[in-house]
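# Descriptive analysis of the structure
Residues per chain are reported as follows:
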Amino acid sequence: MTSGSASTSRSGTLVLVLGDHLCHDSAAFAGFDPARDRVLMIEAPGEATHVWSAKPRIVVFLSAMRHFRDELAARGVNVHYVALDDADAGGDGFELRLAHALAALAPGTLRLLEPGEWRLARIIEAAAAHVGCALQVVDDTHVLCSRADFARFAGKKPRLLMESFYREMRRRNRILLAEDGEPEGGRWNYDADNRGAWPKRPASRAGPGLIAEPERFAPDATTREVIALVERRFADHPGTLADFAWPVTREEALRALAVFVESRLASFGDFQDAMWTATPFGWHALLSSSLNLHLLDPREVVMAAELAYRSGAIPLASAEGFLRQVVGWREFIRGVYWRDMPAMREANHLRATRPLPGWYWTGDTRMVCAREAVAQTLRHGYAHHIQRLMVTGLFAMLAEVEPKRVADWYLAVYVDAVEWAELPNVAGMALYADGGRFTTKPYAASGAYIDRMSNYCGGCAYAPTEAAAASRGKPICPFTALYWNFLDRHEAMLAANPRTMMMAKSIAAKPAAERDAIRAVAADLLERVDAL
Ligand code: FAD
Ligand code: SF4
């Protein structure tokens, strides 16, 4: 995609490298002439405050940007770098800093990869138009499926399904295919072999056992400098930095990938959805921030996983389960974002209007599942997919929290948070705020699901089911109480969808007095949601 008019008397091309475009092979560098062209990189305090960004997320972005700046400079590239604390940068907002830099540098053309956020794309268009320089927005070839390709796939379909997209991506990119072009092993999907929970009994064999350690990276001098800066400048922001160990260079990201494939991928599939206390990472890849920052190319991730399978090092179910995430979900989510923005940001199908409970920012709750998910999020900037979807996401939907407030939280707290990846997962997957544009039903569940997939409930102040509440003498779990309230409130919607018809029937079967009690319990819980 290229847009813009011919350049004026201004000269040279200025390549704007955004914080999540840190790749030397970026299409934005095509034809770059170091003798004539320059690079612009901007650190803007406003990007850390427009949502109340957590410290680990800010450090990942700033440190990776500074490392990339130094690599460019070592290659002889002229980089105009606007640092966070620059006093004469034109203001704190990205838009102010960009306008200031464009006025000072007076490029003929401003060129960049298509931004990963709708808001930033508009800001950059406006800034270029304001100073009167030509703007070239280049297709992001880092992804496997361009926006145009996705638009062709989506066509006029009212509802998209990830599974058909994923199969098309596998065929088109020849990923895990047998020689006849059919899926390796004869099946597209090994989900049934994946997604187990860790055993709870017998006690001697309970839990995840020994999980191979993910590769973690001790902060170097640049990262330590950024940590000090963030501690000073964003002292009141959530999160802690004592355990910061994320990859911030391509070299580190490649090592993280190699270690994951060698020692963790084989068990990834089996336990993708499992949760356990004090087990923040499970067998997960921890590669999302490196992928989203463009330190890693999805093609090399795909190749490494497929090679490991072809060499016999990992089972097919694990390779398929992992590649489904990278080639399927990740690319699909990006396509959906660009198809549905800006409406996706406003979507509120369930008409949820409540505030986000305060404990999302502190982890101070008696609900063990939520406490674990939030505490590790604040400590590491990380929670795995099921924690995000079926703990913090599920609670937000059941507690009727306004989607925008939920989205702002997710965008603030994770080291991999970029809006194209975050918002569809929040609005579409977790909250059903889009009314099912790419999911077939709301992911509504009670505490019984969390009990099945984790050991959280055993040590909780609440009990996940009515039977457990009666036998343990504990109050009923807020997830379960609010789940019934959700069914009560949305019965008509659930009855109209074949995939949720059973849920509607289960609430319809309850006598009126019981339904009154469900509403009363839920009203009480929602009233004191900050203290649960
Ligand atoms: P693994 O579980 O090991 O998966 C491997 C890779 O697959 C990930 O690195 C990621 O790149 C990709 N992937 C898997 N599922 C998804 C998905 N649903 N969407 C996009 N990519 C996926 N992911 C982000 O990258 N940024 C976000 O801001 C983000 N916000 C989320 C918010 C919610 C409410 C939910 C439910 C999910 C969100 N995800 C997000 C998707 C997913 O949870 C993370 O990509 C994953 O947990 C990252 O950890 P990992 O690298 O260990 O992934
Ligand atoms: Fe979470 Fe409910 Fe289980 Fe407690 S009982 S850990 S609140 S699901």
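Our subject is the structure that appears above.
Below: a short report on this structure. All figures in this text were calculated on a predicted structure; none of them were measured in a lab. (Residues numbered from 1 in each chain as written. Chains lettered and ligands numbered in written order. Predicted model: local features only at pLDDT ≥ 70, side-chain atom pairs only at ≥ 80, totals over all residues. Heavy atoms only, no water.)

### A short note on the overall build of the protein
- In terms of regular secondary structure, the protein is built from 23 helices and five strands.
- Its C-alpha atoms give the protein principal-axis dimensions of roughly 75 × 55 × 50 Å.
- Expressed as a percentage of its 532 residues, the buried residues of the protein come to 58%.
- Look at the contacts in the protein between residues 6 or more apart in sequence, and 75% of them connect residues 24 or more apart.
- For the protein, the exposed surface amounts to about 21,300 Å²; the carbon and sulfur share of it is 54%.
- Of the side-chain charges in the protein, 61 are positive and 64 negative, and the distance between the mean point of each set is 4 Å. (Helix = DSSP H or I, 4+ residues; strand = E, 2+ residues; numbered from the N terminus. Buried < 20%, exposed > 50% of the residue type's maximum accessible area, 1.4 Å probe, protein only. Contact = heavy atoms within 4.5 Å. Areas by Shrake-Rupley, 256 points an atom, 1.4 Å probe, with all protein chains shown as cover. Lys, Arg positive; Asp, Glu negative; His and termini not counted. Charge placed at Lys NZ, Arg CZ, Asp CG, Glu CD.)

### Digging into the pattern of salt bridges
- All told, the structure shown has 41 salt bridges when counted by the stated rule.
- Between arginine 437 and aspartate 340 there is a salt bridge whose closest N-O contact spans 2.5 Å. Linking arginine 437 in the loop between helix H17 (419–430) and helix H18 (447–453) with aspartate 340 in helix H12 (residues 316–340), this pair joins segments that are 97 residues apart in sequence.
- Overall, arginine 437 belongs to the partly exposed group, its relative accessible area being 30%. (Salt bridge = Lys/Arg side-chain N within 4 Å of Asp/Glu carboxyl O.)

### A short note on the side chain of glutamine 387
- Looking at where glutamine 387 falls in the secondary structure, it is placed in helix H15 (residues 385–398).
- Look at glutamine 387 and you get buried, because its relative accessible area is 1%.
- There is a polar contact of 2.9 Å between the side chain of glutamine 387 and the backbone nitrogen of histidine 384.
- Setting aside chain neighbours within four positions, we find glutamine 387 in contact with Met275, Pro280, Ala373, Gln376, Thr392 and Tyr456. (Polar contact = N/O pair within 3.5 Å; in protein donor to acceptor, adjacent residues only side chain to side chain.)

### Notes on the sheet that holds strand S2 (residues 38–42)
- Spatially, S3-S2-S1-S4-S5 is the arrangement adopted by the five strands of the open sheet, whose pairing is parallel. A single partner strand is all that each edge strand has here, and the edge strands are strand S3 (79–82) and strand S5 (134–138). Here the strands of the sheet are splayed against their neighbours by 25 degrees on average, with no regard to which way each runs.
- The pairing of strand S4 (residues 107–113) with S5 spans five bridges and is classified as parallel. Residue leucine 113 lies in a different strand from S5, and its bridge partner there is valine 138.
- The strands touched by helix H3 (residues 94–105) within the sheet are strand S1 (11–16), S2, S3 and S4, with S2 carrying the most contacts at an inclination of about 155 degrees. (Pairing = 2+ DSSP bridges. Axes fitted to C-alpha atoms, helices over the stretch in contact; angles between N-to-C directions.)

### A short note on the packing of aromatic side chains
- Under the definition given, this model contains 24 aromatic pairs.
- Here tryptophan 246 and tyrosine 382 contribute two aromatic rings whose centre-to-centre distance is 6.0 Å and whose plane-to-plane angle is 40 degrees, an arrangement assigned as tilted. Taken together, the residues span a long stretch of sequence, with tryptophan 246 in the loop between helix H7 (221–233) and helix H8 (250–263) and tyrosine 382 in the loop between helix H14 (368–380) and H15 at a distance of 136 residues.
- According to the relative accessible area criterion, tyrosine 382 is buried, its value standing at 6%.
- Between tryptophan 359 and phenylalanine 395, the ring centres sit 5.2 Å apart and the planes meet at 65 degrees, which makes this aromatic pair edge-to-face. Of this pair, tryptophan 359 sits in the loop between helix H13 (343–346) and H14 while phenylalanine 395 sits in helix H15; the two residues are 36 residues apart in sequence, bridging distant segments of the chain. (Phe/Tyr/Trp six-rings, centres within 6.5 Å; stacked < 30°, edge-to-face > 60°.)

### Things to note about helix H23 (residues 512–527)
- Compared with an ideal rise of 1.5 Å per residue, which puts 16 residues at 22 Å, H23 spans 23 Å between its outermost C-alpha atoms and is within 8% of the ideal.
- For H23, every residue scored as buried is listed here: Arg515, Ile518, Ala522, Leu525 and Leu526. The buried side chains of H23 occupy one side of the element, clustering within an arc of 95 degrees when seen end-on. Turned more than 90 degrees off the buried face of H23, the exposed positions are Ala512, Ala513 and Glu527.
- Contacts from the buried residues of H23 go to helix H20 (478–489), helix H21 (491–495) and helix H22 (501–508). (Expected span 1.5 Å × (residues − 1). Arc of directions from axis to C-beta.)

### Regarding the site of ligand 1
- Around ligand 1 there are 28 residues in total, and His284, Ala285, Leu286, Asn292 and Tyr382 lie nearest to it.
- Take glutamine 325: an N or O atom from its side chain is 3.5 Å from a nitrogen atom of ligand 1.
- Interatomic distance of 2.9 Å between a side-chain N/O atom of asparagine 425 and a nitrogen atom of ligand 1.
- Elements with a contribution of two residues or more to the shell around ligand 1: helix H10 (288–292), H12, H15 and H17.
- Among the elements that take part in the shell around ligand 1, H12 stands out by supplying six residues, more than any other. (Near = heavy atom within 4 Å.)

### Notes on the site of ligand 2
- Taken together, Met367, Cys369, Gly447, Ile450, Tyr456, Cys457, Cys460, Tyr462, Ala463, Pro464, Cys477 and Phe479 make up the full set of residues adjacent to ligand 2.
- Classifying every residue of the shell around ligand 2 gives eleven nonpolar, one polar and no charged. (Nonpolar A, V, L, I, M, F, W, Y, C, P; charged D, E, K, R; others polar.)

### Details of the environment of leucine 323
- Looking at the element boundaries, leucine 323 is found in helix H12.
- Taking the relative accessible area as the measure of exposure, leucine 323 reaches 0% and is therefore buried.
- It is 9.8 Å that separates the C-alpha atoms of leucine 323 and methionine 303, two residues lying 20 residues apart in sequence.
- Once residues within four sequence positions are removed from consideration, leucine 323 is found in contact with Tyr166, Ile175, Leu176, Val302, Ala305 and Gly328.

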